Amino acid sequence: MDTHIGSVDGPALAAANGTVGCPASAPGCPMASTPAQPAATLTAGEASLGRHLARRLVQVGVGDVFAVPGDFNLTLLDHLIAEPGLRLVGCCNELNAGYAADGYARARGVGACAVTFTVGGLSVLNAIAGAYSENLPVICIAGGPNSNDYGTNRILHHTIGVPDFSQELRCFQTVTCHQAVVTNLDDAHEQIDTAIATALRESKPVYLSISCNLPGLPHPTFSRDPVPFFLSPRMSNKMGLEAAVEATVEFLNKAVKPVIVGGPKLRVAKAGKAFVDLVDASGYAYAVMPSAKGLVPETHPHFIGTYWGAVSTAFCAEIVESADAYLFAGPIFNDYSSVGYSFLLKKDKAIIVQPERVIVGNGPAFGCVMMKEFLSELAKRVKKNTTAYENYKRIFVPEGQPPDSEPNEPLRVNVLFKHVQKMLTGDSAVIAETGDSWFNCQKLKLPEGCGYEFQMQYGSIGWSVGALLGYAQGANNKRVIACIGDGSFQVTAQDVSTMLRCQQNSIIFLINNGGYTIEVEIHDGPYNVIKNWNYTGLVDAIHNGEGKCWTSKVKCEEELTAAIETALREKEDCLCFIEVIAHKDDTSKELLEWGSRVSAANSRPPNPQ
């Protein structure tokens, strides 16, 4: 499987200075792999809080910080710019800067954004909440008020007009795993280091506020290069691990046709390779939950597709739901992933493996058991059983292809994705926006090494524009293909300009069908119709002759194939924006089914009191 950019097992966080960050799960792994060197003594100008933070970011693998300037963070931005190996990527708004840090963390293992106090912090909050839901280590840095203003009765600008500076902090407390407000130099180094280390260890965002008058000040704690991080690995309780493996082996070995299903928390557990090792050892058929697509290889012979209840890959749900035992590794069961709670699964047949916990059937449960260790140990002891896979092969019928288009026939969405499939290679990655792109991209068969990202748990429309910016900046050895609906694009379109400034060569398919199609299929109303834009004209205006950009508007298959050929060949070094005109009712069959079931779940009447 792909163990490089975007790997679920924790990509090497290669920094510009040659240091390499290691996943927290690696035994005794320091955050630098270079030979130990005597710490360099720094000049007073270099021995500042701002430079310490910048060096720490580079050391853990952050090469780009996505930022929006404001008066409270300007001095800090000066110090970030001054650090070799750290690029400051100016974004059009804070929401997109947060989405970009989210995408960058998916590609590189950790991301960072920098905003100003309250007006910037509350704008980026939604993106940080999304990163929290997806278990992504994002370091959100806010420039805070002058340290002398804390504890006074002063009212500052960029606030709600009360002398209480804790509003921003209190908002971030529920969507970050750690918060630090730096208002003095004495413990600033400790607060910064704790925040960054916690983000890496917990694989969640952290909030770091730094008073605007501190970044340029020296302090003895900053006078030498910082000691490399050393993150203590989380280890299983050995007795608990042995008991969990023993109970699971007994459970699985007596099953007739067991299966395995991978979930999205494989990423945070860094257990992708261990999952595949278990598949190899067991011979079981395996599937992935929709939000785990791209985390394990789809080229393995025992892969049977996406398990998504009623909208699963053909023949996948039948195999999973008819099994007499199913092991779910890192699942998230919510109303979306369960298609309105319509799974046909039984708890007494399920083994649920979470990053640090295993539950076997209706019990027992084993805590302090690390998923990666558990799957590896299980692979050594489970009996090979290919029954479920052989059943799958017996019932499997290859999928049909969309009917051929007539000359100049209006382009159908299934024809679009037939051609997107042909574009994919191991040097590609796919970003799928919330909406019908979820379902159409889910059906893509990913070649070995092809990245794939979408935000299912939080499902914030517009996420993909910023995430594409960040992912492409972090995964600069891949050409990223983004599939974005017109409604979502209108939320965050501005940062196409930042992609151009960063000289990115992604390919954006803008699917113009005149509205919020996913909402239409859940519950329709006039609010789902949006004002149509000339999207190629908009991108041309943003381009404004600066940078490399190429746009095309396509209405039929002939125009689509010509546009793709141009994007892959003549314009391979350009940001390519292809607007696809589609009928407003042209949706995947999976969205029709899913929308009706989610609608039914949403509209359940209150239970009697």
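Each value, and the rule that gives it
Residues numbered from 1 in each chain as written. Predicted model: local features only at pLDDT ≥ 70, side-chain atom pairs only at ≥ 80, totals over all residues. Heavy atoms only, no water. Helix = DSSP H or I, 4+ residues; strand = E, 2+ residues; numbered from the N terminus. Rg over C-alpha atoms; globule rule 2.2 N^0.38 Å. Buried < 20%, exposed > 50% of the residue type's maximum accessible area, 1.4 Å probe, protein only. Contact = heavy atoms within 4.5 Å. Areas by Shrake-Rupley, 256 points an atom, 1.4 Å probe, with all protein chains shown as cover. Phe/Tyr/Trp six-rings, centres within 6.5 Å; stacked < 30°, edge-to-face > 60°. Lys NZ or Arg CZ within 6 Å of the ring centre and 35° of its normal. UniProt positions renumbered as here; feature names shortened; annotations may be inferred. Core = buried A, V, L, I, M, F, W, Y, C linked by side-chain atoms within 4.5 Å. Pairing = 2+ DSSP bridges. Axes fitted to C-alpha atoms, helices over the stretch in contact; angles between N-to-C directions.

Engineer: Explanation requested: the overall build of the protein in the structure shown.
Structural biologist: Looking only at helices and strands, the protein features 21 helices and 23 strands. Against the globule reference of 25 Å for 609 residues, the protein gives a C-alpha radius of gyration of 25 Å, in line with a compact fold. In terms of principal-axis extent, the alpha carbons of the protein reach across some 70 × 65 × 60 Å. Here the protein, with 609 residues, has 58% of them falling under the buried criterion. Looking at the protein alone, contacts between residues at least 24 apart form 76% of all its contacts between residues at least 6 apart. Split by element, the accessible area of the protein, about 23,800 Å² in all, is 53% carbon and sulfur.

Engineer: For this particular structure, what's the right way to read the packing of aromatic side chains?
Structural biologist: Two aromatic rings, taken as a pair, are described by how far apart their centres are and by the angle between their planes. What the rule picks out here adds up to 22 aromatic pairs. Ring centres 5.4 Å apart and planes at 65° place the aromatic pair Phe328 and Phe333 in the edge-to-face group. Taking relative accessible area as the criterion, Phe328 reaches 1% and is therefore assigned buried. Here the aromatic residues Trp308, Tyr336, Trp438, Phe439, Tyr452 and Phe454 are joined through ring pairs into a cluster of three or more. Residue placement shows Lys204 over the ring face of Tyr132; its charged tip is 3.9 Å from the ring centre. Here Lys293 stacks its cationic end above the ring of Tyr452, 5.5 Å away from the centre of that ring.

Engineer: Would you mind showing me how to read the environment of Asn505 here?
Structural biologist: When you line up the elements, Asn505 lands in the loop between α17 (496-501) and β21 (507-512). On the accessibility criterion, Asn505 (26% relative accessible area) is partly exposed. Sequence separation between Asn505 and Arg479 is 26 residues, and the spatial gap between their C-alpha atoms is 6.7 Å. Excluding anything up to four places from it in sequence, Asn505 contacts Arg479, Glu572, Asp573, Cys574 and Leu575.

Engineer: For this particular structure, what's the right way to read the UniProt feature "binding site: Mg(2+)" (unreviewed entry) in the protein?
Structural biologist: UniProt annotation of "binding site: Mg(2+)" (unreviewed entry) refers to Asp486, Asn513 and Gly515 when read in the numbering used here. Structurally, Asn513 is set in the loop between β21 and α18 (517-522). If sequence neighbours within four positions are ignored, Asn513 has contacts with Asp486, Ala582, His583 and Lys584.

Engineer: Explain the nonpolar core to me, please; I cannot follow it from the model alone.
Structural biologist: Soluble, globular proteins show a tendency: their nonpolar side chains are buried together. In terms of nonpolar packing, the biggest core is built from 93 residues, with Phe66, Phe417, Phe489, Phe509 and Ile578 touching the most fellow members. Counting residues per element, this core draws most heavily on helix α3 (residues 94-108), which supplies 8 residues. Beyond its immediate chain neighbours, meaning those up to four positions away, Phe417 contacts Asn440, Cys441, Leu444, Cys483 and Ile511. Counting 38 residues, the second largest nonpolar core, distinct from the first, contains Val249, Leu252, Ala271 and Ile351.

Engineer: Is there a simple way to explain the sheet that holds strand β14 (residues 326-329) in this structure?
Structural biologist: Hydrogen bonding along the main chain pairs the strands of a sheet, whether they run parallel or antiparallel. Read from one edge to the other, the open sheet built from 7 strands follows the order β13-β12-β11-β14-β15-β16-β17, with strand pairing classed as mixed. One side of each edge strand has no neighbouring strand; the edge strands of this open sheet are β13 (303-306) and β17 (365-367). Pairs of neighbouring strands in the sheet enclose a mean axial angle of 15°, with direction left out of account. Here 4 bridges tie strand β11 (residues 259-262) to β14, and the two strands are oriented parallel to one another. Along β14, the bridge assignment pairs Gly262 with Ala329. Those strands touched by helix α7 (residues 238-253) are β14, β15 (350-354), β16 (357-360) and β17, and its axis lies near 35° from that of β16. Contacts from helix α9 (residues 272-282) reach β11, β12 (285-288) and β14 within the one sheet, and its direction differs from that of β11 by about 165°.

Engineer: Could you clarify how one ought to interpret the sheet that holds strand β18 (residues 428-432) in this entry?
Structural biologist: Spatial ordering of the open sheet is given by β19-β18-β20-β21-β23-β22, a layout of 6 strands whose pairing is parallel. Edge positions in the sheet fall to β19 (451-454) and β22 (549-554), since each has one partner strand and no second. Sheet twist, expressed as the average angle between the axes of neighbouring strands with direction ignored, equals 15°. Both β22 and strand β23 (residues 575-581) contribute to a ladder of 6 bridges, which runs parallel. Bridging across to β23, Cys549 finds its partner in Leu575. Running at roughly 170° to β22, helix α20 (residues 557-568) makes contact with β20 (479-485), β21, β22 and β23 of the sheet.

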